[in-house]
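One letter stands for each residue in the lines below.
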Amino acid sequence: MPIYEYVCLDCQKEFEVLRPMSQADQPLPCESCGGKNVRRKLTVFYAHSDGRSVAGTTAPACGSCAGGTCSTCGH
Ligand SMILES: [Zn+2]
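In what follows, the accompanying structure is described. For every chain, the first residue of the written sequence is number 1, and numbering continues from 1 along that sequence. Local features in a predicted model are, by the rule used here, given only for residues with pLDDT of at least 70; side-chain atom pairs are given and counted only at 80 or more, and totals for whole chains, interfaces and linings are based on all residues. To get the side-chain values, all heavy atoms of the structure are used, and hydrogens and water are removed first.

A few points about the environment of Arg19
Right, on to step 1. One can find Arg19 in the loop between β2 (14-18) and β3 (38-40).
Right, on to step 2. As a C-alpha pair, Arg19 and Tyr4 span 15 residues in sequence and 7.4 Å in three-dimensional space.
Right, on to step 3. In what follows, residue pairs with any heavy atoms lying within 4.5 Å of each other are defined as contacts. Sequence-distant contacts of Arg19, defined by excluding residues within four places in its chain, comprise Met1, Pro2, Tyr4, Tyr6, Ala24, Gln26, Pro27 and Leu28.
Right, on to step 4. Polar contacts, as counted here, are pairs of nitrogen or oxygen atoms within 3.5 Å of one another; within protein the pair requires one atom able to donate a hydrogen and one able to accept it, and residues that are adjacent in sequence qualify only if both atoms are side-chain atoms. Among the polar contacts made by the side chain of Arg19, one reaches the main-chain carbonyl oxygen of Gln23 at a distance of 3.0 Å. Helix and strand labels come from DSSP, where a helix needs a run of H or I of at least four residues and a strand needs a run of E of at least two; each type is numbered from the N terminus.

The structure is reproduced here in structure tokens:
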């Protein structure tokens, strides 16, 4: 059973809940204040998938150089 991360918009409390995938988006009360403004956070799984999609952008490959003088990335 996967663990999901949630954050309470009322008290900013973050907590993890072990629940079936089919219930991941169902509302649940905040474990700290009991409020109902709880949102599910994106999991680590999604964060890792971002790596490839930004490869084709104009962002520099090396964050420490402006181009031409960097021995790390060859700009
Ligand atoms: Zn709360």
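Re the pairing of β2
Across a regular strand the side chains alternate sides, sitting on one face of the sheet and then on the other.
Right, on to step 1. The alternating pattern of β2 places Phe15 and Val17 on a buried face, while none of Glu14, Glu16 and Leu18, on the opposite face, is buried.
Right, on to step 2. Relative to β2, strand β1 (residues 3-8) is paired through five bridges, and the arrangement is antiparallel. Directly across from Tyr4, in β2, lies its bridge partner Val17.
Right, on to step 3. Remark: five residues form the turn of the hairpin made by β1 and β2, two consecutive strands paired antiparallel; Gln12 in that turn has positive phi of roughly 65°. Burial classes: relative accessible area under 20% of the type maximum marks a residue as buried, over 50% as exposed, and values in between as partly exposed (1.4 Å probe, protein chains only). A pair of strands is considered paired only if DSSP assigns at least 2 bridges between the two.

As for the nonpolar core
Side chains of nonpolar character tend, in soluble globular proteins, to be buried together.
Right, on to step 1. To form a nonpolar core, buried Ala, Val, Leu, Ile, Met, Phe, Trp, Tyr and Cys residues must be joined to one another through side-chain atoms within 4.5 Å. Tyr4, Tyr6, Cys8, Phe15, Val17, Ala24, Leu28, Cys30 and Val38 form the largest nonpolar core, which has nine residues in total.
Right, on to step 2. Breaking this core down by element, the ones donating at least two residues are β1 and β2.
Right, on to step 3. When near neighbours in sequence (up to four residues on either side) are disregarded, Ala24 contacts Tyr4, Tyr6, Arg19 and Arg40.

Interpretation note: all reported values are geometric properties and have no functional meaning in isolation.
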